[in-house]
Amino acid sequence: MNNTLRVADVMTADIHSVDGLATVADAVEAMRHHAVSSLVVARRHDGDEYGLVVVADIARKVIAENRPLDRTNVYEVMSKPILTLPSDMLARYAVRLLVQFDISRGVAIDHDRNIVGMVTLRDLVLRLAEADMAEE
């Protein structure tokens, strides 16, 4: 197993966010515009935690329940708090955490707790497998 690959090596640094007071329609438009399936929900103040809204949240909590996208706020359907992973954490430990909590993604943070990227279980697994096959 690769012992050098870190979250920072795998994460996507291009993060897109949305305000919790935005409508789900606004979030869907931002997802479409940026070609992403999740958005970080901004903290309201220093003592607050980040949130995350993903397509699955919108499908399960809005579309499947026949709620109007333009009258449902992001804060009503987002996940909060979200799993944060130190960007210098070994990728294999990040996989273990995501699997342990049965989630598909987390945000990478620096030492000051600022978000520096998004990492998905898919990307971690594929990069670890690629690195392991290259070592053989």
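Above this text is the structure in question.
Basis of the calculations
Numbering of residues begins from 1 in every chain and follows the order in which that chain's sequence is written. A pLDDT threshold of at least 70 governs which residues receive local features in this predicted model, and a stricter bar of 80 or more applies before side-chain atom pairs are shown or counted, although totals over entire chains, interfaces and linings include all residues. Think of the side-chain values as coming from all heavy atoms in the structure, minus any hydrogens and water. To define axes, lines are fitted to C-alpha atoms, for helices over the stretch in contact only, and angles between the resulting N-to-C directions are given on a 0 to 180 degree scale. Counting from the N terminus, the helices are DSSP H or I runs at least four residues long and the strands are E runs at least two residues long. Two helices cross in a left-handed way if the nearer one is turned anticlockwise from the farther one by less than a right angle. They cross in a right-handed way if the turn is clockwise. Throughout, a contact is declared for two residues whenever any of their heavy atoms are within 4.5 Å. Three classes are used, and their members are as follows: Ala, Val, Leu, Ile, Met, Phe, Trp, Tyr, Cys and Pro are nonpolar, Asp, Glu, Lys and Arg are charged, and the others, Gly among them, are polar. We call a set of buried Ala, Val, Leu, Ile, Met, Phe, Trp, Tyr and Cys residues a nonpolar core when their side-chain atoms join them within 4.5 Å. Burial here depends on accessible area, computed with a 1.4 Å probe over protein chains only, as a share of the maximum for the residue type. Under 20% is buried, over 50% is exposed, and the range in between is partly exposed.

1. Re the packing of helix α2 (residues 24-34) against helix α3 (residues 55-63)
Phase 1 of the analysis: Close contact between α2 and α3 brings their axes to 11 Å; oriented N to C, the two are set at 145 degrees. With respect to the hand of their crossing, α2 and α3 are arranged in left-handed fashion. On the side of α2, the interface is formed by V24, V28 and M31, while α3 contributes V55, I58 and V62.
Phase 2 of the analysis: Classifying every residue of the contact of α2 with α3 gives six nonpolar, no polar and no charged.

2. A word on the nonpolar core
Phase 1 of the analysis: Among the nonpolar cores identified, the biggest contains 15 residues, and V7, L85, A94, V119 and L124 are the most heavily contacted of them.
Phase 2 of the analysis: Elements with a contribution of two residues or more to this core: α1 (7-10), α4 (91-100) and α5 (121-135).
Phase 3 of the analysis: In terms of residue count, the dominant contributor to this core is α4 (four residues).
Phase 4 of the analysis: M31, V41, V62 and V74 belong to the second-largest nonpolar core, a separate cluster that totals 14 residues.

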